[in-house]
Amino acid sequence: MNWTTHILGWFLFSGLSVWGVDTRPNILFLFSDDQRADTIGALGNAQIRTPALDGLVERGTAFTQAYCMGSSNGAVCVPSRAMLMSGRSLFAVNDHLGGVVTWPEKFGQAGYRTFMTGKWHNGEASALRSFQEGEAIFLGGMGDPYRLGLRDMSSKHLFERQRVSGEHSVKVFADAAVKFLGEQKGGQPFLCYVAFNAPHDPRVAPEEYRKKFRGAEPSVPENFLPVHPFNNGEMVIRDEALAPWPRTKEVVREHLADYYAYIEFMDAQIGRVLGALKASGQEGKTIVVFASDHGLAIGSHGLFGKQNLYDHSMHAPLIFAGPGILGGRRSGALSYLFDIFPTLGGLAGVVGPEGSEGRSLVAILRGEKEVHRASILTAYKKVQRAVRDDRWKLIVYPQINKTQLFDLRKDPGEVRDLAGMPEYAEEVRRMRGLMEKEQANFSDTLALSSATPEAMDFDFSHLKGKKQVRAIE
């Protein structure tokens, strides 16, 4: 790298202007749906092929401990996206963002050209308000995306209900992003938000991707169980009814094959988007972010959904790449997904909306710090709470007065529960105190025990062999 390029990269990373030219970085934000953190080849999964995401890992910084904070309802992606867009925590956010100023709004007010395509899931009005332009917007639920007839969202009051037909929705979203990026010639910086609805079910990748796994289905997770060993408070919600009880290794492997094929198809579309960015000549001044709204179980702990607080469901991938960001780097800094936009604001010199609680990761990206948050609190409805630090994780199930303790350094799959062992009693006490402290910090008032607990065991006998998919949430 010559000195001219180095100095320009520094100005881009600092969000400053030089010689009257706006040197603030562009932002390309790629967001997936229900993607476990362990489904990227470059981050250690040898069973999946993700060359586009691998390339981002190689030239960027991957955060290996990024988390969704949880959910107050079964559709975890709704509050996750609301937290992302507002920078607010779970206990301070409105799922549909009514009246809440979002980070993309602030980028637009700061002079950015803002564009979105893909899944929104937080109410029509907030989508129209948050972005200046959009195409192929998927409001939520299932089915085909809706295409916006006009690119200028400020003049629209309602979305046109014209279904996009003949193309896979993931490709439709990539097409819209490719089109937008092809229009960029420099000058005004842009924020391009591309929210894929993959690998959320129904997972139907084109046949060329699915056939690669026929006879070579991925192995089951190390923490596979036929059934979850106790009542976690959400045993038969829609996601859990996607496969029969008890779970079998054969069924789990088939689901994982569909899941991996869908991720590989999405990765190919991400490759197209990144190719369009490069062809536009804007790659050198663009920060690229890849993340997902949360993870998924698919057989881990006998579960299939994201309505639990094990790492496979709350842990999400997060990668930053672009000018001034160290390449080929892994950071174990504990972070929330709602830290992403405050980070982008720090890189771009954009002041966030009032009420944003996220903390910028810029010092981590610059290599100036290694620790971001000392602990992470996660929550699911009124039935589960969890807290983790750099080693230990405690999960509490207040409705049954159940506690789990895991040593994540020795047991990252959360297989060996240490809570009932006398030698770990002090660790349980310490972590419970940490949980109560974090609850107070985030205004979470849930009591961690019940005077009239429900039964610990869940009766699966009436569900044996049944597959009871409910209405989509």
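In the block above lies the structure referred to throughout.
Residues numbered from 1 in each chain as written. Predicted model: local features only at pLDDT ≥ 70, side-chain atom pairs only at ≥ 80, totals over all residues. Heavy atoms only, no water.

### Comments concerning the environment of asparagine 94
Item 1. Relative to the helices and strands, asparagine 94 resides in the loop between α3 (77–86) and α4 (103–109).
Item 2. For asparagine 94, a relative accessible area of 38% gives the class partly exposed.
Item 3. Taking C-alpha positions, asparagine 94 is 7.0 Å from alanine 82, a pair spaced 12 residues apart along the chain.
Item 4. Within the structure, the side chain of asparagine 94 is placed 2.9 Å from the backbone nitrogen of histidine 96, a separation counted as a polar contact. (Helix = DSSP H or I, 4+ residues; strand = E, 2+ residues; numbered from the N terminus. Buried < 20%, exposed > 50% of the residue type's maximum accessible area, 1.4 Å probe, protein only. Polar contact = N/O pair within 3.5 Å; in protein donor to acceptor, adjacent residues only side chain to side chain.)

### Re the environment of leucine 334
Item 1. In this fold, leucine 334 is placed in the loop between β11 (329–331) and β12 (335–336).
Item 2. Residue leucine 334 is classed as buried on the basis of its relative accessible area, which comes to 5%.
Item 3. Apart from the residues within four sequence positions on either side, leucine 334 is in contact with Gln65, Tyr67, His372, Arg373, Ala374, Ser375, Ile376, Arg388, Asp389 and Asp390. (Contact = heavy atoms within 4.5 Å.)

### What about the pairing of strand β14 (residues 384–388)?
Item 1. Within β14, 5 of the 5 residues are buried, leaving the element largely enclosed by the surrounding structure.
Item 2. Side-chain alternation along β14 places Gln384, Ala386 and Arg388 on one buried face and Arg385 and Val387 on a second face that is also buried.
Item 3. The pairing of strand β13 (residues 376–380) with β14 spans 5 bridges and is antiparallel. Note that in β14 the partner of alanine 379 across the bridge is arginine 385.
Item 4. Hairpin geometry of β13 and β14 is characterised by an intervening segment of 3 residues between the two adjacent antiparallel strands and by a positive phi of about 45 degrees at lysine 381. (Pairing = 2+ DSSP bridges.)

### Regarding the pattern of salt bridges
Item 1. The full count for this structure, using the stated rule, is 34 salt bridges.
Item 2. Aspartate 33 serves as the salt-bridge partner of arginine 81, at 3.5 Å between the closest nitrogen and oxygen. Of this pair, arginine 81 sits in helix α3 while aspartate 33 sits in the loop between β3 (26–32) and α2 (51–59), and the two are 48 residues apart along the sequence.
Item 3. When its relative accessible area of 0% is taken as the criterion, aspartate 33 is described as buried.
Item 4. Salt-bridge contacts for glutamate 133 lead to arginine 113; the nearest nitrogen and oxygen are separated by 2.7 Å. Of this pair, glutamate 133 sits in strand β7 (residues 133–138) while arginine 113 sits in strand β6 (residues 113–119); the two residues are 20 residues apart in sequence, bridging distant segments of the chain. For the pair glutamate 133 and arginine 113, a shared accessibility class is recorded, and that class is buried.
Item 5. Each of Asp34, Asp201, Arg238, Asp239 and Lys306 takes part in one network of salt bridges that share partners. (Salt bridge = Lys/Arg side-chain N within 4 Å of Asp/Glu carboxyl O.)

### Considering the side chain of asparagine 26
Item 1. Here asparagine 26 lies in strand β3.
Item 2. Of the residues examined, asparagine 26 reaches a relative accessible area of 1% and is grouped as buried.
Item 3. Among the polar contacts listed, one links the side chain of asparagine 26 to the side chain of glutamine 282, at a separation of 3.3 Å.
Item 4. Setting aside anything within four residues of it in sequence, one finds asparagine 26 in contact with Gln188, Pro189, Phe190, Gln282, Lys285, Thr286 and Ile287.

### Remarks on the nonpolar core
Item 1. Membership of the largest hydrophobic core comes to 81 residues, with the highest contact counts inside it found for Phe29, Phe107, Phe320, Ile340 and Leu344.
Item 2. Look past the residues within four positions of isoleucine 340 in its chain and what remains in contact with it is Phe29, Leu84, Val289, Ala291, Leu318 and Phe320.
Item 3. By size, the runner-up hydrophobic cluster in this structure holds 52 residues, among which are Ile48, Val194, Tyr259 and Leu277. (Core = buried A, V, L, I, M, F, W, Y, C linked by side-chain atoms within 4.5 Å.)

### A short note on the sheet that holds strand β15 (residues 392–397)
Item 1. The mixed open sheet is built from 5 strands, whose spatial order is β5-β13-β14-β15-β16. Pairing within the sheet leaves two strands with one partner each, and these edge strands are β5 (70–71) and β16 (402–407).
Item 2. Pairing between β15 and β16: 6 bridges, direction antiparallel. Note that in β16 the partner of leucine 394 across the bridge is leucine 405.

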